[in-house]
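Spelled out, the chains give:
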Amino acid sequence: MSENKDPHVAQGVKFVYDFTEGNKDLKDLLGGKGANLAEMTNLGLPVPPGFTITTEACKVYLDSGEEPVALRDEVSAHLDALEKKMGKQLGQADDPLLVSVRSGAKFSMPGMMDTVLNIGLSDKSVQGLAKQAGDERFAWDSYRRLIQMFGKTVLGVDGELFEDALEKAKEAKKVTVDTDLEAADLKKLVTKFKKLVKTEAGRDFPQDPREQMDLAIKAVFDSWNGDRAKLYRRQERIPHDLGTAVNVCSMVFGNLGPDSGTGVAFTRDPASGHQGVYGDYLQNAQGEDVVAGIRNTVPLADLEQIDKKSYDQLMQIMETLETHYKDLCDIEFTIERGQLWMLQTRVGKRTAGAAFRIATQLVDQGLISEAEALQRVTGAQLAQLMFPRFDDEAKVEQLGRGIAASPGAAVGKAVFDSYTAIKWSRSGEKVILIRRETNPDDLDGMIAAEGILTSRGGKTSHAAVVARGMGKTCVCGAEDLEVDTKRRRLTVGDTVVEEGDVVSIDGSTGKVYLGEVPVVPSPVVEYFEGRMHAGADDADELVQAVHRIMAFADGKRRLRVRANADNAEDALRARRFGAQGIGLCRTEHMFLGERREMVEKLILADTDGEREEALKALLPQQKQDFVELFEAMDGLPVTVRLLDPPLHEFLPDITELSVRVALAESRKDANENDLRLLQAVHRLHEQNPMLGLRGVRLGLVIPGLFTMQVRAIAEAAAERKNAKGDPRVEIMIPLVGTVQELEIVREDAEKVITEVEAATGVHLKLALGTMIELPRAAVTAGQIAEAAEFFSFGTNDLTQTVWGFSRDDVEASFFTAYLEKGIFGVSPFETIDKDGVGALVRSAVEAGRATRPDIKLGVCGEHGGDPESVHFFHEVGLDYVSCSPFRIPVARLEAGRAASQAQGSDHR
């Protein structure tokens, strides 16, 4: 067989490695488990002998449907070497070598793929095992475990059938736990299990030990594409083409009596990061007994009293592993008649708080550098620490589940409109604003509420985006909840929540609860807001660790971090969070609320005089907004975007207005203003307003609109300069598709700025630039840079226009299907699409700098606060990212991590 050429494999490829041949850096080839078993073997630690079949063999199998031709011979050679090392053969009748066959991918996928233990047992070898162990019960228990695992995993027998048979055996014996079954009971159970295999699988349980092993290896390969494995990879964003390795390891047994056992250990507490003895131990048990919970474990510290020799050896090994891996290690071990064996180690999973504590502890111990510490934490973990959370110990009644749109834990009385939210909030009530979906008119209610719950929409819906910007907890798209805003209640099955009933929402999981769930506050937010100092006596270890990690990040990063903020209050909060300016001030938000009537007058203006009068009324309001904003951000850059959305967004809903007018006409008391508004709504109505009259097009079509805004900005900057302030203002023209649009607006703006300079006697240096949010703008960025002093990439709209998506529609209609089918690893509105949208950003950066070397480049879309996207923006050479105030610390951290990673790559 070895002489045959395999068309799927390059000649000379090695598919099997002994544990003595690999190391921890070969995870791509040997998987995490195999690489770490090899590393422990290299360290001289007690690891049961064995070998690893590579991920390359799995990939050949998955691609061709057949195992590589050379694999069987390689496995045979390594099995022969293992048999010689152990002094017995696989399944040998009088003294069988038994092995486990375990999966082991590059990235940990706990429980997602298959494992089979005790391979090599048969009707003959079970007798030999009983004789060698001096324990008949142990041997027959091991055999029934093999048939049960093999039947379910390899032959596809329903696992419940085995469980039912086991339960019946216990009932017949009148016992409640497996360990009370005797050898005779287990013999009968083995007979029953073999009959189940014959009936359900249509074949006998294989008695040939090599057939058992070969079939188990194939089953592990197949489990890579099992439903649960694919789902887990999608959720964890693990590539689907990696394949899994297979580890064949000689069995050691923890169920040979009271001097045997199995356990799990952590070199530090994975929940808190504190050093100490953490883990569980179970005497006279195999590994799956700990997981199944058939008996209560004891704390690992109790092992010192049970078996001090093994305990002392384990403590020494734990110290060796943590020092070697320079991180928290998760360890699985077995003690067989007083002999300690290491079955697995890996860098352990930990809570967000533990990650920050452990990183700084390892720096203090001299094990890692500050740069390495940055790679041990993530922005996602920091975000998790910043939001309040529900008490895990609390008893809860879950109503439903939606999309986790903005993390946190919020509790309050259910209200169904913004007016009630504001009213109740002002009277001291905490409220949860519940809507089918939100719109800009709900902004005040959203601000007043503790959290927002909608039955429609996704992570980039209005509710989600605004909530994240404000740091509000939000659950969107909870479709099981029937929201009835007219009757002021929501219904879930037979449960009805009336207005005023208390609900709790978890923006980290998307879960919705009835009643009040206790909330644990975040000290990290108090630190960022300046209410707690890292050096204060009452500052806990977590705050101190976060403070130090943020200092590491700020010292490393090249990218500056700005805020998306529209008013002085948000700007001041952003500064406290570490913002280095404002990257996006959306002036349309200044036209909501009481000023809506002024905008309506502008829209309804029939003559130039009426339009000029409406603009004149808006000017002082706009100017005051800017004065307050520039004062809050004194000395830092502020990018002000001129009006962007279509004007119809400032008008009443067309359906509501039509009904109102029709009812008024039926009563013969029609309102003249409503009639004019309805005419305006019809006049401005567009089939696709996102691609209609908005952005720069508004400024060109409605005379005086943009020049009014520029004048307000210039006069505000002059006023701040006269007050000895240091305004650093950038005026941004939105939705530019061609340089000619920008040139016209720029010429008008420069005239206005010159007029203000002449009137105030103040020299103003106001930069003029544009958003790059259309594919044409990105493609012609070199031309646009001739008229733009800066670019800010509006990646929200750029993603819509590159993909041809309507963001408000696609998430609800087909994004779930795209994610399930693997078309998306993650929504392109959450993380930048590097291959499509990212390619346009990269080319626009290069073209812009080729035309204007000193051009300033930033991003102000939602991606500016996304951890993975921040790394991309660092890579392509942007000068800054801008995000909502609450995400600034995350962006700061990820900018530092990106710089640190880049430096590490350069050094390598």
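As the structure is a computational prediction, the values presented were derived from the model and not from experiment. (Residues numbered from 1 in each chain as written. Predicted model: local features only at pLDDT ≥ 70, side-chain atom pairs only at ≥ 80, totals over all residues. Heavy atoms only, no water.)

A. Expanded view of the overall build of the protein chain. In terms of regular secondary structure, the protein chain is built from 35 helices and 31 strands. Counting only C-alpha atoms and orienting by the principal axes, one finds that the protein chain spans roughly 105 × 65 × 65 Å. A buried classification covers 54% of the 908 residues belonging to the protein chain. Sequence-distant contacts in the protein chain: of pairs separated by 6 or more residues, those separated by 24 or more amount to 67%. Carbon and sulfur atoms make up 47% of the accessible area of the protein chain, which totals about 39400 Å². Taking the 110 positively charged and 143 negatively charged side chains of the protein chain as two groups, their mean positions are separated by 1 Å. (Helix = DSSP H or I, 4+ residues; strand = E, 2+ residues; numbered from the N terminus. Buried < 20%, exposed > 50% of the residue type's maximum accessible area, 1.4 Å probe, protein only. Contact = heavy atoms within 4.5 Å. Areas by Shrake-Rupley, 256 points an atom, 1.4 Å probe, with all protein chains shown as cover. Lys, Arg positive; Asp, Glu negative; His and termini not counted. Charge placed at Lys NZ, Arg CZ, Asp CG, Glu CD.)

B. Just the sheet that holds strand β9 (residues 329-336), in detail. Strand order in the open sheet formed by five strands is β8-β7-β6-β9-β10, and the pairing between neighbours is antiparallel. Looking at strand neighbours, the two that pair on one side only are β8 (298-299) and β10 (339-347), the edges of this open sheet. Pairing of β9 with β10, which is carried by eight bridges, proceeds in the antiparallel orientation. The residue of β10 that forms the bridge with Cys329 is Val347. In this fold helix α12 (residues 308-325) packs onto β6 (261-268), β7 (275-283), β9 and β10, with an angle of close to 25° to the strand it touches most, β10. (Pairing = 2+ DSSP bridges. Axes fitted to C-alpha atoms, helices over the stretch in contact; angles between N-to-C directions.)

C. Fine view of the nonpolar core. Membership of the largest hydrophobic core comes to 154 residues, with the highest contact counts inside it found for Phe356, Leu382, Val546 and Phe630. If one sorts the elements of this core by residue count, helix α27 (residues 705-722) sits on top with 10 residues. Those residues in contact with Leu382 that lie beyond four places of it in its chain are Phe356, Val524, Phe528, Val546, Met550, Pro889, Val890 and Leu893. Judged by nonpolar contacts, the second largest core, of 58 residues, contains Val116, Leu121, Leu146 and Ala169. (Core = buried A, V, L, I, M, F, W, Y, C linked by side-chain atoms within 4.5 Å.)

D. Quick look at the environment of Arg435. Relative to the assigned elements, Arg435 resides in strand β15 (residues 431-435). Along the sequence, Arg435 and Val415 sit 20 residues apart, while their C-alpha atoms lie 8.6 Å from each other. When residues no more than four places from it in sequence are discounted, the contact partners of Arg435 are Phe416, Asp417, Asp442, Leu453, Thr454, Ser455, Val483 and Thr485. In this structure the side chain of Arg435 is engaged in a polar contact, spanning 2.8 Å, whose partner is the backbone oxygen of Phe416. (Polar contact = N/O pair within 3.5 Å; in protein donor to acceptor, adjacent residues only side chain to side chain.)

E. Structural context of the sheet that holds strand β20 (residues 495-498). Judged by pairing direction, the sheet is antiparallel, and its three strands sit side by side in the order β18-β19-β20 without closing on themselves. Looking at which strands have only one partner, the edges of the open sheet turn out to be β18 (482-484) and β20. The average undirected angle you get between the axes of adjacent strands in this sheet is 20°. Sheet topology places β18 next to strand β19 (residues 489-492); three bridges connect them, and they run antiparallel.

F. Fine view of unusual backbone geometry. The phi torsion at Arg488 lies on the positive side, around 55°, for a residue other than glycine. If you trace the backbone, Arg488 turns up in the loop between β18 and β19. Residue Arg488 is classed as partly exposed on the basis of its relative accessible area of 31%. Not every positive phi belongs to a glycine, and Leu735 is a case in point at roughly 60°. With respect to the secondary-structure elements, Leu735 resides in the loop between β27 (728-733) and α28 (739-760). The exposure class of Leu735 is buried, given its relative accessible area of 2%.

G. Geometry of the pairing of strand β28 (residues 767-772). In terms of burial, β28 is largely enclosed, as six of its six residues are buried. Pairing of β27 with β28, which is carried by four bridges, proceeds in the parallel orientation. Among the inter-strand pairings, Glu730 is bridged to a residue of β28, identified as Ala767. Between the parallel pair β27 and β28, the chain is carried across by α28, and the sense of this crossover is right-handed. Bridge count between β28 and strand β29 (residues 790-793): three bridges; the pairing is parallel. Looking at β29, one finds that Ile772 is bridged to Phe793. (Right-handed = clockwise from strand over helix to strand, strands pointing away.)

H. Just the pattern of salt bridges, in detail. Here the structure, examined in full by the defined rule, presents 53 salt bridges. Across the pair Arg488 and Asp417 runs a salt bridge, and its minimum N-O distance is 2.5 Å. Here the residue Arg488 occupies a position in the loop between β18 and β19, and Asp417 occupies one in the loop between β14 (409-415) and α16 (418-426), the gap between them amounting to 71 residues. Each of the salt bridges in this network shares a partner with another, and the network as a whole consists of Glu588, Arg641, Asp644, Arg694 and Asp797. (Salt bridge = Lys/Arg side-chain N within 4 Å of Asp/Glu carboxyl O.)

I. Structural context of a nonpolar patch on the surface. A cluster of nonpolar side chains, contributed by Leu700, Val701 and Ile744, occupies part of the molecular surface with about 250 Å² of accessible area. Turning to its location among the elements, Leu700 is positioned in helix α26 (residues 696-701). Under the relative-accessibility criterion, Leu700 is labelled partly exposed at 36%. (Patch = residues over 30% accessible without salt bridge, like charges linked within 9 Å, V, L, I, M, F, W, Y side chains within 5 Å.)

J. Geometry of α12. Along its 18 residues, α12 runs 25 Å from first to last C-alpha, staying within 8% of the 26 Å computed at 1.5 Å per residue. After α12 finishes, the residue Lys326 shows a positive phi value of roughly 55°. (Expected span 1.5 Å × (residues − 1).)

K. Spatial organisation of a negative patch on the surface. A surface patch of like charges, here negative, comprises Asp158, Glu160, Glu163, Asp164 and Glu200. No other element matches helix α6 (residues 159-173), which puts three residues into the negative patch. As for its placement among the helices and strands, Glu200 is situated in helix α7 (residues 183-201). Judged by its relative accessible area of 45%, Glu200 falls in the partly exposed class.

L. Region of the structure containing the side chain of Thr795. With respect to the helices and strands, Thr795 occurs in helix α31 (residues 795-803). Non-local contacts of Thr795, meaning those with residues more than four positions away in its chain, are made with Ile832, Val859, Gly861, Glu862, His863 and Phe873.

M. How the structure looks around the side chain of Thr360. Checked against the element boundaries, Thr360 lands in helix α13 (residues 352-364). In this structure Thr360 comes out as buried when scored by relative accessible area, which is 6%. There is a polar contact of 3.3 Å between the side chain of Thr360 and the backbone oxygen of Phe356. Excluding its chain neighbours within four sequence positions, the residues that come into contact with Thr360 are Ala545, Arg548 and Ile549.

Functional significance is not addressed by these values, which are geometric in nature.
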